[in-house]
Amino acid sequence: MQDLATAFATALGLVATADPAVTGILLLSLRVSLTAVALAALVGLPLGALLAVARFPGRRAVLVTLNALMGLPPVVAGLLIYLLLSRAGPLGPLGLLFTPTAMVIAQAVLIAPILAALSRQVLEGLWEEYAEQLRSFGAGPWRAVPTLLWDGRFALLTVLLAGFGRAAAEVGAVMIVGGNIEGFTRVMTTAIALETSKGDLPLALALGLMLMAIVLAVNALAQGLRDAAAGSAG
Amino acid sequence: MRLPDSILPLLVEGLCYRAGAVEILRDVGFTLEAGGPSLVIGPNGAGKSVLLRLLHGLLAPSAGRIHWGAPEGNVPVARRQAMLFQRPVLLRRSVLANAAYPLRLAGLGRAEAAARAREGLALVGLEGLAERPARRLSGGEQQRLALARAAALQPEVLFLDEPCANLDPAATRAVEEIVATLAARGTKIVMTTHDLGQARRLAAEVLFLHQGRLLEQAPAEAFFAGPATAEARAFLRGELLW
Ligand SMILES: Nc1ncnc2c1ncn2[C@@H]1O[C@H](COP(=O)(O)OP(=O)(O)O)[C@@H](O)[C@H]1O
Ligand SMILES: [Mg+2]
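Reading guide: rules and limits
Residues numbered from 1 in each chain as written. Chains lettered and ligands numbered in written order. Predicted model: local features only at pLDDT ≥ 70, side-chain atom pairs only at ≥ 80, totals over all residues. Heavy atoms only, no water. Contact = heavy atoms within 4.5 Å. Buried area = accessible area lost by both parts, 1.4 Å probe. Salt bridge = Lys/Arg side-chain N within 4 Å of Asp/Glu carboxyl O. Polar contact = N/O pair within 3.5 Å; in protein donor to acceptor, adjacent residues only side chain to side chain. Helix = DSSP H or I, 4+ residues; strand = E, 2+ residues; numbered from the N terminus. Nonpolar A, V, L, I, M, F, W, Y, C, P; charged D, E, K, R; others polar. Near = heavy atom within 4 Å. Areas by Shrake-Rupley, 256 points an atom, 1.4 Å probe, with all protein chains shown as cover. Pairing = 2+ DSSP bridges. Axes fitted to C-alpha atoms, helices over the stretch in contact; angles between N-to-C directions.

Trainee: Explain the interface of chain B and chain A to me, and be specific about the residues and the numbers.
Mentor: Taken together, the 20 residues of chain B in the interface contact 21 residues of chain A. Of the roughly 1,900 Å² buried at the junction of chain B and chain A (both faces included), carbon and sulfur atoms supply 48%. Joining chain B to chain A, the criterion identifies four salt bridges. Between Arg53 of chain B and Glu132 of chain A there is a salt bridge; the shortest N-O distance is 2.5 Å. Taken together, the links from chain B to chain A amount to 12 residue pairs in polar contact (both at pLDDT 80 or more). Listed by contribution, the elements that provide at least two residues to the side of chain B that touches chain A are helix 1 (48–56) and helix 2 (95–105) of chain B. Sorting elements by how many residues they give to the side of chain B that touches chain A places helix 2 of chain B first, with three residues. Looking at side-chain class alone, the side of chain B that touches chain A contains 11 nonpolar, two polar and seven charged residues.

Trainee: Account for the site of ligand 1, with residues named and values stated.
Mentor: Residue and element names in this part refer to chain B. Close contacts around ligand 1 come from Ala19, Ile24, Pro43, Asn44, Gly45, Ala46, Gly47, Lys48, Ser49 and Val50, and that covers them all. Between ligand 1 and the protein, one listed contact pairs an oxygen atom with a backbone N or O atom of Gly45 at 2.8 Å. For ligand 1, the accessible surface in isolation is 560 Å², of which the surrounding protein chains cover 54%. At three residues, the largest contribution of residues to the shell around ligand 1 is made by helix 1. Considered class by class, the residues forming the shell around ligand 1 number five nonpolar, four polar and one charged.

Trainee: Talk me through the sheet that holds strand 2 (residues 22–32) of chain B; I want residue IDs and the actual numbers.
Mentor: Residues and elements named next belong to chain B. One open sheet accounts for three strands, arranged 2-1-4; its pairing is antiparallel. In this open sheet, the two edge strands, each paired with only one partner strand, are strand 2 and strand 4 (63–67). Averaged over neighbouring strand pairs, the angle between their axes works out to 20° when direction is ignored. With four bridges joining them, strand 1 (residues 10–19) and strand 4 adopt antiparallel strand pairing. The residue bridging Cys16 from the neighbouring strand is Ala63, located in strand 4. Helix 1 contacts strand 1, strand 2 and strand 4 of the sheet and is inclined by roughly 60° relative to strand 2.

Following this line, the structure appears as structure tokens:
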């Protein structure tokens, strides 16, 4: 209890003084995770929509695999990207290991399956409703993909938020490919892990509270946007 | 009667549709000519909806032939028909965007599609609601929007599957008036209903379907004055509900 009270005080202090180190870590967390969501969405959402409309042999196996990948442990995603980007790896010459870019890639790999699997679920219901009418208009499954993505935009926003929450909260992937380098690749979760291991629990907890506040703020902002847009588009 | 560039007459021969072991339509044959509305009537489960889906190309026949008058015109046959469903399927967009959507699919530019969509909306009296979200409309307005959307496509044949089944009497009348207007403009109406009053008001011709078979095809006046089959007579007396 004592720790919690101290943590709140510490967190407030950090916010009040706008501690530049903490602010930098916070902004990097936001930048990495938001970019990762955007990147993963570029692949995950169209893939989810395609899986919602396409019927092909082996579809079930793909869906099962995708659902299993939702539980991909962050350290495993980090390790895979580490192997790709390490000096001996196929993408080693790019020199991306231990940079924010590597962290973005690792998080994108981690959440793309989540976005694909969730958007598939969301859009399948919409496709059931639309399929016959769209076919009547002469639109096959391929042409339906952009229509579903647009018409499912509000539900997909929730899917994106789920992806963002997962990205912002994970520590394993960014730790492995980022290296937790102070002032360069240190993000909220790796900072928390570090402070915890150093025994500064109040500071770790304070950073944790700030992280939760950030995730909450992003969700609230998205919800506000959604409500405003829904009012005019139904 | 055969217009030079028409997909009519529609010739249907030996049409069968099976779902698993169940025969839903059996050996249905008829010809649909250009002209006044053809109303497909019959008790619940007779196969009316399945028949319309087959004609529109949404289902594939198990056997038999659906032969359009001009299979190879400039515009493919599928683009020259439209269909309205019992429950209108509206996109999560504005009224205008809904009406313009199939036109954009058909390859029209944004401005031209919007202009034609607005004409469609004017036809059904929804031009004032163009910017509203389509799915906030009342049931009757939604079905009128679906009509506007179909009419904007300027189809030669318009299929309507019980378009008024979920509507109150006032909305039903509104839809009927629009359908009559389209028919008067030369659109071939092929419509199912289980509402005999509606069939009497709209039909130029009646196709009576019962348990998956076409029992009668006759001019409306003749059909309502004296149907040829015992089943149709029972249906007109309101005794045949299944
Ligand atoms: N896809 C399907 N699979 C199995 N049975 C079906 C299918 N579609 C329709 N049916 C059955 O075919 C019969 C005719 O259906 P329908 O055409 O909807 O009748 P209605 O004349 O009331 O429109 C009904 O008994 C219905 O249950
Ligand atoms: Mg029906």
